[in-house]
Amino acid sequence: QVQLVESGGGLVQAGGSLRLSCAASGNINRISDMGWHRQAPGKQRESVAAITRGSTKTYVDSVKGRFTISRDNAKNTVYLQMNSLKPEDTAVYYCHARARKVWATNEDDYWGQGTQVTVSS
């Protein structure tokens, strides 16, 4: 099986910073895309940032210029540096990875358990 474990969430004041980490482990042959999604109360889950294995990055418009996604392929880890945080960034943040397990022919999507980010005004 493949497990994603997130860390780094918490409570921060508006204008502050947090860094999320997500480490993938288990029966992994290769990870292609990785990313972060978030879900605020009463809202649908949205993609915040994504990064390909070759480090092509995409961001939702609301976080451009404030958030930076990066990854370490050797460690199967993805990071999200969040600066200039706003109250509207408050949500549960979920790590995502598209991976192929050892001996598998197809990729599957895997999710972390979520980490709470709360930004106070």
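Our subject is the structure listed above.
Calculation criteria
Residues numbered from 1 in each chain as written. Predicted model: local features only at pLDDT ≥ 70, side-chain atom pairs only at ≥ 80, totals over all residues. Heavy atoms only, no water. Phe/Tyr/Trp six-rings, centres within 6.5 Å; stacked < 30°, edge-to-face > 60°. Lys NZ or Arg CZ within 6 Å of the ring centre and 35° of its normal. Helix = DSSP H or I, 4+ residues; strand = E, 2+ residues; numbered from the N terminus. Buried < 20%, exposed > 50% of the residue type's maximum accessible area, 1.4 Å probe, protein only. Lys, Arg positive; Asp, Glu negative; His and termini not counted. Salt bridge = Lys/Arg side-chain N within 4 Å of Asp/Glu carboxyl O. Polar contact = N/O pair within 3.5 Å; in protein donor to acceptor, adjacent residues only side chain to side chain. Contact = heavy atoms within 4.5 Å. Pairing = 2+ DSSP bridges. Axes fitted to C-alpha atoms, helices over the stretch in contact; angles between N-to-C directions.

(A) Just the packing of aromatic side chains, in detail. What the rule picks out here adds up to zero aromatic pairs. The ring of Y79 carries the charged tip of R19 above its face, separated from the ring centre by 4.2 Å. For R45, the ring lying beneath its charged end belongs to Y94, and the centroid distance is 3.7 Å.

(B) Region of the structure containing unusual backbone geometry. In this structure, S55 takes a positive phi of about 75° despite not being glycine. Of note in the backbone geometry, W103 takes a positive phi value of approximately 75° without being a glycine. Inspection of the secondary structure puts W103 in the loop between β9 (91–101) and β10 (108–111).

(C) Region of interest: the side chain of R71. For R71, the location among the structural elements is in strand β7 (residues 67–72). The charged side chain of R71 is buried without a salt bridge, its nearest counter-charge being D33 at 5.6 Å. There is a polar contact of 3.4 Å between the side chain of R71 and the backbone oxygen of I31. In terms of polar contacts, R71 uses its side chain to reach the backbone carbonyl oxygen of S32, at 2.5 Å. Sequence-distant contacts of R71, defined by excluding residues within four places in its chain, comprise I31, S32, D33, M34, I51, T52, R53, T77, V78 and Y79.

(D) Fine view of the sheet that holds strand β1 (residues 2–7). Strand order across the open sheet formed by four strands is β1-β3-β8-β7, with antiparallel pairing between neighbours. The open sheet has two edge strands, β1 and β7, and neither has a second partner. Each strand of the sheet is rotated relative to its neighbour by a mean of 15°, with strand direction disregarded. One ladder, built from six bridges, connects strand β3 (residues 18–26) with strand β8 (residues 77–82); its direction is antiparallel. The residue of β8 that forms the bridge with L18 is M82.

(E) Molecular detail of the pattern of salt bridges. Counted under the stated rule, the structure contains six salt bridges. Measuring nitrogen to oxygen at the nearest pair gives 3.0 Å for the salt bridge that ties R38 to D89. On the criterion of sequence distance, the pair formed by R38 in strand β4 (residues 28–39) and D89 in the loop between β8 and β9 is long-range, its members being 51 residues apart. The exposure class of R38 is buried, given its relative accessible area of 6%. Measuring nitrogen to oxygen at the nearest pair gives 2.8 Å for the salt bridge that ties R98 to D109. Of this pair, R98 sits in strand β9 while D109 sits in strand β10, and the two are 11 residues apart along the sequence. For R98, a relative accessible area of 31% translates into the label partly exposed. Put simply, R38, E46, R66 and D89 are held in one network by salt bridges that share partners.

In short, geometric facts, not functional conclusions.
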